[in-house]
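Descriptive structure summary
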Amino acid sequence: MTLETGYGVPTVAVHTDKFDKVVRSVAEVNGMPGLRQVFVPQPIMGKTPAELRAYVDGRDPLTGRPVMQEVLEGLTRPFEADELGPAEFDRTTPPLVEGASEDALHRLFLEQRWTDMLPIVLPTEARVAEMLAHTRRKPDELVGRMRSTHFREHWAYSVEKVAVNAVMAGARPEYFPVILALAATGVTARSSSSSAMAAMAVVNGPVRHEIGMNAGTGAMGPYNHANATIGRAYGLLSQNGQGGSVPGLSYMGNQGNNYAYNSVTFAENEERSPWEPFHVQHGRRPDESAVSVFSGVRSTSFTLGLRETYWREHVRNLLRGIDPNGPPTLLLDPIAARQFVTRGGFTTKAALIDWLHDNARMPAGEYWDYQLVQNYIYPRATFGEEPWASKLAAAPDVSIPMFRREDIHVVVVGGETNGYWRIMGCNYQKTVSVDDWR
Amino acid sequence: MATLRVLNPVGFPPKVTRKVPAPRLDTLEGKTVYLVDCRFDDSDVFLGQMQAWFAEHLPGVRAVVKRINNVYLHDDPTTWEEIKSRGHAAILGVGH
């Protein structure tokens, strides 16, 4: 679209057929519904040159017409007036929804795909008003904007819209400042990435105790009302605030992700941690309340404790088990955290992160051959961006770090029923004040 | 029957304004067509095959394979300027 409208170059976009609805939708909401698009079978990845030549010589699986005929026509056939779409259109929906009964409204919310397919609490005016009473912010104040993918348009949401989704999730009004802070990150918990991302949210500071969040036993499971419903509200706000998360249209995660049900939302166990809290590492005072969000949550590896002789090898093995494009965030039970202190001498999180960076390694040739490294890191390396440019200069058999130091993180959570710990492959995004949203 | 009212959870969309596409070409003969590799999965292999198709079926069309300069998530004005100044049309691939 940029080439067409910004540079005046006639263009045809070729996609695989699984993406027909999403790319047509993206073209429409960008004001070019008639954008010339041609489809070939999915997948491209892993096919031989001969197989891909057959795609070129073959037919568009959606129209049945020869692919190259469509390509050539797309560049030479003038647009008809009805292909250009309306001069302008608005998709704003009414602020209120009506139904003959509660059952009818529940059905409507399901049919509109405004839920996560679990039962919701209907957002009546009284319930939403009660939620709104727990912030000094005005209902019509805009909190932020989100979109499901880079190619889509941002949608905006107000304090009231966040409150509506918080009610739907079953959140108590006293949780509302945390939910507003999550909304203010602008980081969606409903990415449409075909890699099936989820989000993760870590709460720090006094608010953890004020609203009864769990940082101990079962903190990441369905055992605490605040953890469960704050994370669920973040997900519902994301899908509704950004204008949808519908498989095939605005959600393309190939397998889906169970973490998305409550966006792995928990409190850090600051009291039992041997290190400074996560929000303090990121510029907040210990007596401030804040929430930190991570995106791209997909992979998990785990083990029990740190063995005296081979703990280094065991940790290296765990690190090698995650994709290089999904850097590690260690979620350590306090028992495991203290073992990192006693076994490794890591008296700060920074020291542990240094060790992790230096020990998560693989041969350069192996690293650069990862598909996601090719897709997302290799182009940046070729443009001279460090540290990847230096890694690219390494010979294939030279051992190189798998991750950037700044992408590795450590959070302490768990109830010390044992020393199990895990690594989440994910990307830290930002830390936002909860106090600003009280 | 009484009607129940609740609040709508959906955010505020931006207004969509029509954009006008570039004029189409009368013919591709004698023209340069850029095959733009978006660096997604094995797009480069696919576009190489499309380039071969042009050589076999439309030898009067100069088909140039060009990789974007960065990840597809970033705008690439350098490449777009090159296509505008040296080319006449573009084929982008492959969105997956």
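Numbering of residues starts from 1 in each chain and follows the order in which that chain's sequence is written. Starting at A for chains and at 1 for ligands, labels are handed out in the order in which the entities are written. Restriction of local features to residues with pLDDT of at least 70 applies here, the model being predicted, together with a cutoff of 80 or more for giving and counting side-chain atom pairs; totals for whole chains, interfaces and linings are based on all residues.

Some remarks on the sheet that holds strand β10 (residues 328-332) of chain A
Sheet strands pair by backbone hydrogen bonding; their relative direction is either parallel or antiparallel. All names here are of chain A. Here, strands pair whenever DSSP counts at least two bridges between them. Strands are runs of DSSP state E lasting at least 2 residues, helices are runs of H or I lasting at least 4, and numbering of each runs from the N terminus. As summarised here, the arrangement of the six strands in space is β8-β7-β9-β14-β10-β13, forming an open sheet in which the pairing is mixed. Two strands close off the open sheet at either side, each with one partner strand: β8 (265-267) and β13 (409-412). Pairs of neighbouring strands in the sheet enclose a mean axial angle of 35 degrees, with direction left out of account. In this structure, strand β7 (residues 198-204) lies alongside β8, joined through three bridges in parallel fashion. When the bridges of β8 are listed, Val-202 appears paired with Phe-266. Placing a C-beta atom from the backbone of each residue, one calls two residues in contact when those atoms lie within 7 Å. As a rule, the C-alpha atoms of each element are fitted with a line to give its axis, helices using only the stretch in contact, and angles between N-to-C directions run from 0 to 180 degrees. Lying over the sheet, helix α10 (residues 225-241) contacts β7 and β8, oriented at roughly 135 degrees with respect to β8.

Some points on the interface of chain B and chain A
Of the residues lining the interface, 55 residues belong to chain B; the matching set on chain A comes to 88 residues. Elements with a contribution of two residues or more to the side of chain B that touches chain A: β1 (4-7), β2 (16-17), α1 (43-57), α2 (77-86) and β5 (89-95) of chain B. Residue classes follow a fixed rule: Ala, Val, Leu, Ile, Met, Phe, Trp, Tyr, Cys and Pro count as nonpolar, while Asp, Glu, Lys and Arg count as charged, and any other residue, Gly among them, counts as polar. Of the residues that constitute the side of chain B that touches chain A, the class distribution is 30 nonpolar, 14 polar and eleven charged. Looking at chain direction, strand β1 (residues 11-16) of chain A and β5 of chain B are connected through four bridges and run parallel. Of the residues in β5 of chain B, the one forming a bridge with Val-12 of chain A is Ile-91 of chain B.

Let's talk about the sheet that holds strand β2 (residues 37-40) of chain A
Strand order in the open sheet formed by five strands is β2(A)-β1(A)-β5(B)-β3(B)-β4(B), and the pairing between neighbours is parallel. The open sheet terminates on both sides in strands that have one partner only, identified here as β2 of chain A together with β4 (62-67) of chain B. Geometrically, the sheet is characterised by an average inter-axis angle of 25 degrees between neighbouring strands, direction not taken into account. Alignment of strand β3 (residues 32-37) of chain B against β5 of chain B, held across five bridges, turns out to be parallel. Paired with Leu-35 of chain B across the strands is Ile-91 of chain B, a residue of β5 of chain B.

Examining the domain arrangement of chain A
Residues and elements named next belong to chain A. Domain assignment breaks chain A into domain 1 (2-83), domain 2 (102-299 + 427-437) and domain 3 (362-401). Residue ranges for the domains trace back to a domain assignment, done automatically or taken from a database. Placing the centre of domain 1 and that of domain 2 at their C-alpha centroids yields a distance of 36 Å. Contacts between the two partners involve five residues from domain 1, matched on the other side by seven residues from domain 2. When grouped by side-chain class, the residues that make up the side of domain 1 that touches domain 2 number three nonpolar, one polar and one charged.

Observations concerning the nonpolar core
Here, a nonpolar core denotes buried Ala, Val, Leu, Ile, Met, Phe, Trp, Tyr and Cys residues that are linked to one another through C-beta atoms within 7 Å. With C-beta atoms placed from the backbone, a residue is buried if 20 or more other C-beta atoms are within 10 Å of its own, exposed if 12 or fewer are, and partly exposed between those counts. Counting residues in each nonpolar core, the largest one holds 102 residues, and the members touching the most others are Ile-179 and Val-291 of chain A. Counting residues per element, this core draws most heavily on helix α7 (residues 159-169) of chain A, at eight residues. When residues no more than four places from it in sequence are discounted, the contact partners of Val-291 of chain A are Val-178, Ala-181, Leu-182, Ala-201, Val-202, Val-203, Val-432 and Val-434 of chain A. Core analysis: the second largest hydrophobic core is formed by 43 residues, Val-14, Ile-44 and Met-252 of chain A together with Ile-83 of chain B among them.

Looking at unusual backbone geometry
The phi torsion of most residues other than glycine is negative, and most of the peptide bonds are trans. With an omega of 0 degrees, the peptide bond between Gln-42 of chain A and Pro-43 of chain A qualifies as cis. As for its placement among the helices and strands, Pro-43 of chain A is situated in the loop between β2 and α3 (49-57). The omega angle of the peptide bond from Gly-93 of chain B to Val-94 of chain B is -5 degrees, so this bond is cis rather than trans. The residue Val-94 of chain B is located in strand β5 in this model. Phi is positive for Val-264 of chain A, which is not a glycine, with a value near 40 degrees. Secondary-structure assignment places Val-264 of chain A in the loop between α10 and β8. A positive phi angle, close to 65 degrees, is found at Glu-416 of chain A, a residue other than glycine. For Glu-416 of chain A, the location among the structural elements is in the loop between β13 and β14 (420-433). In this structure Glu-416 of chain A comes out as partly exposed when scored by C-beta crowding, with 15 C-beta atoms within 10 Å.

Here we look at the confidence of the model for chain B
Per-residue confidence from the prediction method is given by pLDDT, with values spanning 0 to 100. Residue-level pLDDT values for chain B average 92, and 98% of them are 70 or greater. On the interface metric, ipTM, the complex scores 0.92, and its pTM is 0.92.

Focus on α1 of chain B
Over its 15 residues, α1 of chain B extends 21 Å from the first C-alpha to the last, a length consistent with the 21 Å expected when each residue adds 1.5 Å. Looking at the buried positions of α1 of chain B, the neighbouring elements they touch are α3 of chain A together with β3, β4 and β5 of chain B. In this scheme, a helix's expected span is set at 1.5 Å multiplied by one less than its residue total.

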